[in-house]
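Fold and geometry: a report
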Amino acid sequence: MFANLLKTASAAAIATVATAHMSFAVDLEFYFPVAVGGAAADTIEQLTAEYSEANPDVNITAIYAGSYSDAGQKALTAARGGNPPQLSVLLSTQMFALIDEDVIVPFDDYLSDEEKADWIGGFYPSFMENSQTGGNTYGIPFQRSTPVLYWNKEAFKAAGLDPETAPANWDEMVEMGKALTLKDDSGNVTQWGVRIPSAGFPYWLFQGLSTPAGAILANSDGNKVNFNDPKVVEALEYLVALSKEHGVMQPGSIEWGPTPKAFFEGETAMMWTTTGNLTNVRNNAPFDFGVAMLPAKERRGAPTGGGNFYLFKDSTDEQKDAAVDFVQWITAPEQAATWSIATGYIAPRAEAWETEKMKAYTADFPPALVARDQLEFAVAELSTFENGKVTQAFNDALAAAIAGEMSAKEALDEAQAKAERILKPYQ
Amino acid sequence: MSYDRALNTTAAWMLAMFWLLPLAYAVWTAFHPAEFETRFEPFAPLTLQNFVQAWSEAPFARYFLNTMILVTGIVAAQFTLCTLAAFAFARFTFRGKGLMFALVLMQLLIMPDILIVENYRTMSQLGLIDTITAIGLPYVASAFGIFLLRQTFMTVPKELDDAARVEGCSYLGILWRVYIPLAKPTFLAYGLVSVSHHWNNFVWPLIVTNSVETRPLTVGLSIFAVTDSGIQWSVINAATLMTSGPLLIAFLLFQRQFVQSFMRAGIK
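Just so it is clear, the model here is predicted, and its values are computed rather than measured. (Residues numbered from 1 in each chain as written. Chains lettered and ligands numbered in written order. Predicted model: local features only at pLDDT ≥ 70, side-chain atom pairs only at ≥ 80, totals over all residues.)

**Regarding the sheet that holds strand β8 (residues 147-152) of chain A**
Residue and element names in this part refer to chain A. Reading across the sheet, the five strands line up as β9-β10-β11-β8-β12 and stay open at both edges, with mixed pairing between neighbours. Only two strands of the sheet have a single neighbouring strand rather than two, namely β9 (182-183) and β12 (289-292). Alignment of β8 against strand β11 (residues 268-274), held across five bridges, turns out to be antiparallel. Pairing of Tyr 150 across the sheet is with Met 271, part of β11. Lying over the sheet, helix α8 (residues 170-180) contacts β10 (189-195) and β11, oriented at roughly 165° with respect to β10. (Pairing = 2+ DSSP bridges. Helix = DSSP H or I, 4+ residues; strand = E, 2+ residues; numbered from the N terminus. Contact = placed C-beta atoms within 7 Å. Axes fitted to C-alpha atoms, helices over the stretch in contact; angles between N-to-C directions.)

Here it is, written out as structure tokens:
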């Protein structure tokens, strides 16, 4: 009985090998998360289908994998379970974790020197900061964003400010914020000057303060952090002062989700949020609005955010070659432009902005250019080994300072100590 | 006395309203245009547009079918397996019974999330990745079900069992004619808990499935959790009502039976 079973099984195995040899098609699985509304998932599936049509020898399946954190879990589970996708778009900040788990390989081995120079070199350098480490390229930028400042031109006009000028630096943001903060007769605020969401993952927008202050939170090897740098303390003190001292921002922790709504409803005259919101604001703001780079202190600055392509280890060389070819195709100018226009993500290479499609789009809607122009000043999103724990320590410190439980200095000293303990094995 | 009662009634009403608020908000936003998400106007225009939009953003008809197949399959398999196991644990003596029952109980202490990677590996070896079977299989041998049914079977008077045996009934006949009819409330209560759990389960189905043909409703719903571009409560709530609707309606229809069976089965 058992012998029979074995025979059938081996026969089946031989049959599978034989069919695999007869057709030369390469099968690829590609996981993607969706964090913007509308037709993002449809766009990816369309692009994938287009590629399959042009390359009949590659059989590529795009698999929707939920939010960024769901996708990360799905990809890691599949990789640990011995059945990883060949490609996945995951958060750029997951790079160190994926290396640590030993489930991804760098793209470099599957590229010629020429491709390395032309192709890898063609991405905006600030996007590559989260994509390279130790001289290797592990991530290819795809759905990337950066935070910007949105302002309500009508509220500016009503407050006697120039509706065409956003605050250029920290002091101006406080001054303008004071003019924009309106109270009713009983002293309740009806319109705040500015809104910087801080609930959940405060570190990201906070990098829009710490970077202009002149601090870099983590090194590119992902094993050292500078959480209690005096410049970081200064940035956190400024954030806390916006509510406590200047009274231009709602006190306490501020949610992300309802932020665009609060902006549309006139509860705040300025908001900081990701460029991913551009299409949403464009469609739903009942007033004229402007988009500007985040205000400067010592310099201009902001983090980047979003997802990269990763190449998974456990696959054949043919699959990897095909996967790299697909990534090259989907980040090429025409495809990148289609993707960027559909979602609001920043096309990651300068060439995409030179296409006819993109030129027509930005001529019609110039705010789409602000985020791209800000890339010149942008830095890597906070990412280290043990990223979840390290970021959590930092988030806790920010939350404690925002809630007024600790001074900025105390909170950040504590976060630094915690992070150093966590990162010790990686130094 | 009447003062006490009035206080009780008020408290009950307040709790009920408190419980009802999120649902009321969901219904309000789902049937009104997006401008009224955070504004309450009694005569705001009603609309079904949110449902139309939600329905068009994911293949919900297919997802409904998948979820129905999934929950019926799981509950049928759990009933069969748990009944047989519980009967054995309740009425037979065999070597290693205590140890085996302890092993079953141990499963209650383990969070299913810990086993995700191991389960994935097993499904992968069985060649079941991306099938509805793979979503349900890890949950079929439910320790909770076995434990609950065993406790219920233990309360069945031995005399009924003996009488049936004297009449020449086989073991399976006794199980079918004596034990199962007496445990009906427990089956109903357990079935409801199981259905609602698997109706709502999200992470495991997302991980183990890859295609529209196998994914359940919850995965379809997740497409609206779009943190990067601002959340549209009206569309999300329309989709949520749509997907939880069948369960809500079933609960309202069978509410009395459910509550009674919960009381009798001792699940709180």
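**Focus: the packing of helix α9 (residues 202-210) of chain A against helix α17 (residues 387-403) of chain A**
Residues and elements named next belong to chain A. Contact geometry of α9 with α17 gives a least axis separation of 9 Å together with a crossing angle of 70°. Judged by the inter-axis angle, α9 sits roughly perpendicular to α17. Contacts from Pro 202, Tyr 203 and Phe 206 in α9 reach Thr 391, Phe 394, Asn 395, Leu 398 and Ala 399 in α17. (Parallel < 35°, antiparallel > 145°, perpendicular 65-115°, else oblique.)

**Some points on the interface of chain A and chain B**
By a widely used convention, the size of an interface equals the accessible area lost when the partners come together. Listed by partner, the interface residues are 29 residues for chain A and 22 residues for chain B. Contributing elements (two or more residues each) for the side of chain A that touches chain B: α3 (68-80), α11 (259-264) and α12 (278-284) of chain A. Here the side of chain A that touches chain B gets six residues from one element, more than from any other, and that element is α3 of chain A. In the side of chain A that touches chain B, the residues fall into eight nonpolar, 16 polar and five charged. (Nonpolar A, V, L, I, M, F, W, Y, C, P; charged D, E, K, R; others polar.)

**Regarding the UniProt feature "transmembrane region" (unreviewed entry) in chain B**
All names here are of chain B. According to UniProt, the positions carrying the feature "transmembrane region" (unreviewed entry) are residues 12-31, 63-87, 99-117, 129-149, 170-193 and 231-254. Helix makes up 100% of residues 63-87 and strand 0%, with an end-to-end C-alpha separation of 35 Å. Along residues 231-254 the backbone is 88% helical and 0% strand, and the end-to-end C-alpha distance reaches 34 Å. (UniProt positions renumbered as here; feature names shortened; annotations may be inferred.)

**Some words on helix α5 (residues 116-125) of chain B**
One full turn of an α-helix is made of 3.6 residues, so residues set three or four places apart face in the same direction. The set of residues buried in α5 of chain B consists of Ile 116, Asn 119, Tyr 120 and Met 123 of chain B. Along the long axis of α5 of chain B, the arc covered by the buried residues comes to 100°, so they all point the same way. (Buried ≥ 20, exposed ≤ 12 C-beta atoms within 10 Å, placed from the backbone. Arc of directions from axis to C-beta.)

**A few points about the domain arrangement of chain A**
All names here are of chain A. Taken domain by domain, chain A holds domain 1 (2-145 + 305-379) and domain 2 (147-304 + 383-426). Here domain 1 and domain 2 have C-alpha centroids that lie 31 Å from each other. Sorting the residues of the side of domain 1 that touches domain 2 by element identifies α4 (95-100), α6 (125-128), β7 (139-145), α16 (368-374) and β15 (378-379) as the ones contributing at least two each. (Domains from an automatic or database assignment.)

**Here we look at the domain arrangement of chain B**
Residues and elements named next belong to chain B. With domains assigned, chain B is organised as domain 1 (18-49) and domain 2 (59-265). Counting residues at the interface gives seven residues for domain 1 and seven residues for domain 2. By residue class, the composition of the side of domain 1 that touches domain 2 is four nonpolar, two polar and one charged.

**Concerning the confidence of the model for chain B**
Residues and elements named next belong to chain B. In this model, chain B carries a mean pLDDT of 87, and residues with pLDDT of at least 70 account for 96%. Model confidence for chain B, summarised as mean pLDDT per element, is weakest for helix α14 (residues 255-265) at 75 and strongest for helix α3 (residues 60-91) at 94. Scored by ipTM, the complex comes to 0.81, with pTM at 0.84. (pLDDT = per-residue confidence, 0-100.)

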